[in-house]
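Results of the structural survey
As a plain string of letters, each chain reads:
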Amino acid sequence: MRNLFVSVLRRTLALLAASTLLFSSGTRAHVALDTPSAIAGSYYKAVLLVGHGCEGGQPTHTVTVRVPAGFKGAKPMPKPGWALSIRREPLAQPYTSHGKTVTDDVAEIVWAARSDEARLPDVQYDEFVLRGQLPAAAGPLWFKVSQRCPVGQLDWVEVPATGTSTQGLTAPAVRLDVEPAGDTGHGHH
């Protein structure tokens, strides 16, 4: 029960921190994850929160996500009013899924507004969602996200040279903390 409480508390604090970054008035916040940590080897729903447009109040018309290596079988959620495209790449290390060998996987997902009305205005936020399986090993995964606007582009792609601190980075990539698999406190007696 304690592990469940700690997990819920961690997620609540992380969500509050992400919300503060997204909606603070004096800051041009970066893209954030709704749930910034998950268990190694599990299936994970990445909800990327885009909290603003580009400089000068420009609306976002395209969001591109580069899927991190090790995130298997990425499947994006379609958005009404947005076209969806997927780019696959060959894998250096194939894996098996549902009895089949996978030799290429999703490397990039693009959501593009189909009309001016579908664009994400600077004064609103939206969610861009994908799902996949996390690697078996714990450690950080970095989602690199680009926002394109009629004038300008924001590339949230910077990764620290060492460690996981994004302090000092101008446009940090989105970090997912993949935690070791272990006892979740849900054992049956």
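Here the focus is the overall build of the protein. Counting secondary structure elements, the protein contains one helix and eleven strands. In the protein, the order of α-helices and β-strands from amino to carboxyl end is α-β-β-β-β-β-β-β-β-β-β-β. Classification of the 189 residues of the protein by burial places 37% in the buried group. Intrachain contacts of the protein at a sequence separation of at least 6 include 70% that bridge at least 24 residues. Per element, the accessible surface of the protein, about 10,900 Å² overall, is 54% carbon and sulfur.

Within a pair of aromatic rings, the relevant descriptors are the distance that separates the centres and the angle that separates the planes. What the rule picks out here adds up to three aromatic pairs. Ring plane angle 75° and centroid distance 5.5 Å describe the contact between Phe-71 and Phe-143, whose orientation is recorded as edge-to-face. With Phe-71 in the loop between strand E4 (62-66) and strand E5 (72-76) and Phe-143 in strand E9 (residues 139-148), this residue pair connects regions lying 72 residues apart in the sequence. Given the relative accessible area of 0%, Phe-143 is considered buried. Within the aromatic cluster, the residues linked to one another by ring pairs are Trp-82, Trp-111 and Phe-128.

Quick look at the state of the cysteines now. What makes a disulfide is a covalent bond joining the sulfur atoms belonging to two cysteines. Counting across every chain of the model gives one disulfide. Here Cys-54 engages in a disulfide with Cys-149; their sulfurs sit 2.1 Å apart. Its S-S torsion of approximately 80° makes the covalent link between Cys-54 and Cys-149 right-handed. Residue Cys-54 is found in the loop between strand E3 (43-50) and E4, and its partner Cys-149 is found in the loop between E9 and strand E10 (153-156); the two are separated by 95 residues along the sequence. Neither Cys-54 nor Cys-149 differs from the other in exposure class; each is buried.

To continue, consider the pairing of E3. The buried fraction of E3 amounts to six of the eight residues, a majority that puts the element mostly inside the structure. Where strand E1 (residues 32-33) and E3 come together, two bridges link them in antiparallel fashion. Bridging from a neighbouring strand, Ala-32 pairs with Leu-49 of E3. Pairing of E3 with strand E8 (residues 126-133) involves eight bridges; the strand directions are antiparallel. Looking across to E8, one finds that Tyr-44 is bridged to Gly-132.

Turning to the nonpolar core, a few remarks are in order. In globular proteins that are soluble, nonpolar side chains generally tend to be buried together. The biggest cluster of nonpolar side chains holds 34 residues, and the ones touching the most others in it are Phe-71, Leu-130 and Leu-176. Counting residues per element, the ones that place at least two in this core are E3, E4, strand E7 (100-113), E8, E9, E10 and strand E11 (174-179). Apart from residues lying up to four places away in sequence, Phe-71 is in contact with Tyr-44, Asp-105, Leu-130, Arg-131, Gly-132, Gln-133, Leu-134, Leu-141 and Phe-143.

Calculation notes
- Residues numbered from 1 in each chain as written.
- Predicted model: local features only at pLDDT ≥ 70, side-chain atom pairs only at ≥ 80, totals over all residues.
- Heavy atoms only, no water.
- Helix = DSSP H or I, 4+ residues; strand = E, 2+ residues; numbered from the N terminus.
- Buried < 20%, exposed > 50% of the residue type's maximum accessible area, 1.4 Å probe, protein only.
- Contact = heavy atoms within 4.5 Å.
- Areas by Shrake-Rupley, 256 points an atom, 1.4 Å probe, with all protein chains shown as cover.
- Phe/Tyr/Trp six-rings, centres within 6.5 Å; stacked < 30°, edge-to-face > 60°.
- Disulfide = S-S within 2.5 Å.
- Pairing = 2+ DSSP bridges.
- Core = buried A, V, L, I, M, F, W, Y, C linked by side-chain atoms within 4.5 Å.

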